[in-house]
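As a plain string of letters, each chain reads:
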Amino acid sequence: MLVGDVGRSALFLLIFVVPCSLILGIGSVWRKSLRLGTAARWSVVVQFALIAVASACLIDLLVTLNFRYVYVADYTSRGLELLYRIAAFWGGDAGSLLLWVLVLSLYLLVASRIRHVHSEQMIPAVIAVMSFILLFFVLVLNFVANPFVVSAVAPANGNGLNALLQNPGMTVHPVNLYLGYVGFTVPFAYGMAALFLKKTDAVWLTVTRKWTLISWLFLSCGILYGARWSYEELGWGGYWAWDPIENAALMPWIAATAFLHSAIIQERRGQLKKWNIVLVSLTYLLTIFGTALTRGGLLWSIHAFANGPVGTVFMSFVGVMFVLTVAMIAWRFPSLTPDVRFEAAVSRETGFMMNNLLFIGALFAVFWGTLFPIISEAVTGSQMLVSGPFYDSVVLPIGVALVLLMGVGPLLAWRRSQLGRLGAMLVWPLIAAIGIGVFTYALGYHNLLSLVSYMAAGFTVVATFMEFIRAAVARKRVTNDPPLRSIYRLVANNRRRYGGYVVHMAVVIMVLGFASTGAYAKQITANMAPGQSVSVGDYLLTFLGLRTVDRPGKEELQGEMLVQTLHPFATLGVLLPSVDFFISGDQPTTNMGLYSLPLDDLYVVLDGSDFKTGQSLFEIHLNPLVGFIWFGGYLYVAGTFLSLWPERRKGRTRALARRGREAALVDLADLEYDFRMGKIDEASYQQTRSLLAGAAADRDPSISGRSRLEQELAARLAVAPVKGES
Amino acid sequence: MTARTRLWIAFGFVATVIVCLIAVGVAKSMSYDLTVAQVLGARPGPEVPVTVSGQIVGGTVSWLPNHESLTFAIHDQGQSGELYVTYHGLRPDDFTNGWPIVVSGTVERSGVLDATQLLIKCPSKYTAGSNSDTYTSSNT
């Protein structure tokens, strides 16, 4: 009992410690007291220590199978592997909330130690916001879903973890989602702190960019791994069902992706301040709204989540946070004025705005579809719902438009693009897109949406590649560096940009997978006797017979299926779709047989068998390019890491000196690239350059002459002093 | 025309397209979400797509693998009225008595629901015990 008592006591103490952090944070901001700020920072350490103790205690109870505790009895059992006893930590409502709190307090601990130009004022405010959020979770853990509740009589054995959840995915998918969901609290708290303190320049965005990117990466990995887990484990041949619970994870991802793009505009140009604060708030609110949907049973889902009181409590919290956030934004709205106005209708800035409009359109569609049962009942009195085809018909076309924009966006110049020059740069991507369209149509792929997706993918790959080559050539011209060195330096000095491009290419690869599986997946059912064959696409599958294999705790019935290709005729191997029959009497579960080739997945499910004759029913899926989705996922992670990798020049100084020389040099460097890559003509270049050079000199009196400015710019470009086009 | 005006026109056009996509998408894929009692009471015609939530009545399940024909009844929790369902496709794993199911399709004049899609709970976190099953099945 001791360990459980310690855990329960630690949770209880948090009821007092977290409000202390909240009060100290507010007090420090209110009185502008460094002493209170320091005390707030230390209180955060105490918070984390108590939560870590409670978490360690729960893990100990789970590992030692202490069935006196209801939570342990509910989610573990004798014989459950150690890995899944630990995974049971987040297997239930109470434990998963404790994990949420653990991650939140860890993030708060790290965030409270970040130093930047406004840290003395902002960090106490961040502590106050995050402690307020943490207080909600602590109260829920103590009074609604306490993992340390003891039962009167300890059962002899626990219920155990569902057999299908005893999968390595259980250790990856939920944890990634939590790390992503909780991570968005930090940029939200910074945004609110910036608003309260009227520090509405880009510092809060620059400081939290990595938090946002890392949280976004975790959420992306969680969603993608969940899709793969579903594909490989559940035996239905798909990976996404547009279920409310799946949508609950997708919505904050969409909002966060829009935010990642729009934040660039504020960091670079001091625009979209209102929009960014709205987006970061929306992202955070959607994470807790998604959690409320997941826990509340508000909507019917194929995922068997709980219908307990936690969902209701969470929904109330969403309401409170929504009202407080809207009030804060409304209060400080006048302070969110842009530094400069948009100069032209076509520019890099407006490209980002179009990107945001499309993302928000997709978000609204998913939100509308997910909540349609509730909305329709409120309006008409009858509950109605929309299914997968609704999302496909709205979100997929928007997705194609976004892919096209990924190709066009990098070709746009900052401030003002010239349509003639933009058109000239789009010629080859358009030719490539038309060529791909004609080629795939001639091959017999006539589905309109997939055809357009392939064309958009080709367009964006060529446009991005040409943009990269242009930049490398521009750099080589002025540096005379060897080509490989020039490319390396170009990427190394602009990791954020080229990391983003790698992510774009990953998304294009994934889109090829989505488009192909959506349009050209084949599914047949075959009732086969041993020795019979069936062909699917270019593959011949021959049923060899049934066999049984004894496994610990279960008997596995396997159907042996020989896989051969028809053109050329060759044997690939044997697939073993199977059914597990559990000694415990649990319902049998199917295990699909999967043969993954670079361009196809053969996916076979054993659906039923006659043990006497061996006659068996198989469901066979041929899923084209599904592997592209998973491969694209790996590239996506690599691109995000590249984007996260610190640049040699401290990017942080850019925003911290937004109105200083550094910012002007950044703008001048981009102008040089835009000019040398042919995005703007010489007249525009000279006009903007003289403006920027004048501004840089005005902002920093130490730049006394033009030659000094040229040297600074040359250092930034890592080139010889710029004398115009060479 | 100022840059700002041109921007608003472009964004307005894109937003209108998105709203139209949503409106058309809803009109095409919308179905009524009903309980078994509501279906038995209202008897919607075969032209009305419906989605019905209920629980499987174990004793009524008939599965003919050779014809890939699944017939079963569903009822509301704690209610006696039963709605018969036919489905042409594969029987989901663990098609057991009392388990929640959502059936989409149309109700024939005979009163039998001709299902195009079955949705059965998937095992997920937060629900204690090993009593949850999984499947998404569709012959659409």
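**Describing the overall build of chain A**
In terms of helices and strands, chain A carries 23 helices and eleven strands. What you see for chain A is a C-alpha radius of gyration of 29 Å, in line with the 27 Å of a compact globule of 726 residues. Its C-alpha atoms give chain A principal-axis dimensions of about 95 × 70 × 55 Å. The buried share of chain A, taken over its 726 residues, is 52%. Of all intrachain contacts in chain A linking residues separated by at least 6 positions in sequence, the fraction that spans at least 24 positions is 72%.

**Some remarks on the sheet that holds strand β11 (residues 616-624) of chain A**
Residue and element names in this part refer to chain A. The strand order across the open sheet formed by four strands is β2-β11-β10-β9, and the pairing between neighbours is antiparallel. At either end of the open sheet lies a strand with only one pairing partner, and these are β2 (522-528) and β9 (593-596). Strand-to-strand, the axes of this sheet are offset by a mean angle of 15°, without reference to chain direction.

**Examining the environment of A258 of chain A**
Residue and element names in this part refer to chain A. Tracing the backbone through its elements, the reader meets A258 in helix α10 (residues 244-269). By C-beta crowding, A258 is classed as buried, having 24 other C-beta atoms within 10 Å. With 422 residues separating them in the primary sequence, A258 and I680 have C-alpha atoms 27 Å apart. Filtering out sequence-adjacent residues up to four positions away, A258 remains in contact with L279, N356, F359 and I360.

**Quick look at unusual backbone geometry**
Residues and elements named next belong to chain A. Cis peptide bonds are those with omega within 30 degrees of zero, and the linkage from H567 to P568 qualifies with -5°. Structurally, P568 can be placed in the loop between β5 (554-565) and β6 (570-575). For K198, which is not glycine, the phi dihedral falls at a positive 60°. Relative to the helices and strands, K198 resides in the loop between α8 (185-196) and α9 (203-233). Positioned with a positive phi, R415 is a non-glycine residue whose angle comes to about 75°. Note on placement: R415 falls in the loop between α14 (388-408) and α15 (419-442). Residue R415 is classed as buried on the basis of its 22 C-beta neighbours within 10 Å.

**With respect to the domain arrangement of chain A**
All names here are of chain A. Domain annotation for chain A reports domain 1 (1-165), domain 2 (167-341), domain 3 (410-518 + 631-644), domain 4 (522-628) and domain 5 (659-717). Counting residues at the interface gives twelve residues for domain 3, matched by eleven residues for domain 5. No other element matches helix α16 (residues 448-479), which puts four residues into the side of domain 3 that touches domain 5.

**Remarks on the confidence of the model for chain B**
Residues and elements named next belong to chain B. Per-residue confidence for chain B gives a mean pLDDT of 81; residues scoring 70 or more make up 84%. The least confident element of chain B, judged by mean pLDDT, is strand β7 (residues 135-138) at 40; the most confident is helix α1 (residues 3-29) at 93. Note on residues 125-140: pLDDT is under 50 here. Beyond four places in sequence and across chains, it has 62 contacts. Here the predicted complex carries an ipTM of 0.85, next to a pTM of 0.89.

Basis of the calculations
Residues numbered from 1 in each chain as written. Chains lettered and ligands numbered in written order. Predicted model: local features only at pLDDT ≥ 70, side-chain atom pairs only at ≥ 80, totals over all residues. Helix = DSSP H or I, 4+ residues; strand = E, 2+ residues; numbered from the N terminus. Rg over C-alpha atoms; globule rule 2.2 N^0.38 Å. Buried ≥ 20, exposed ≤ 12 C-beta atoms within 10 Å, placed from the backbone. Contact = placed C-beta atoms within 7 Å. Pairing = 2+ DSSP bridges. Axes fitted to C-alpha atoms, helices over the stretch in contact; angles between N-to-C directions. Domains from an automatic or database assignment. pLDDT = per-residue confidence, 0-100.

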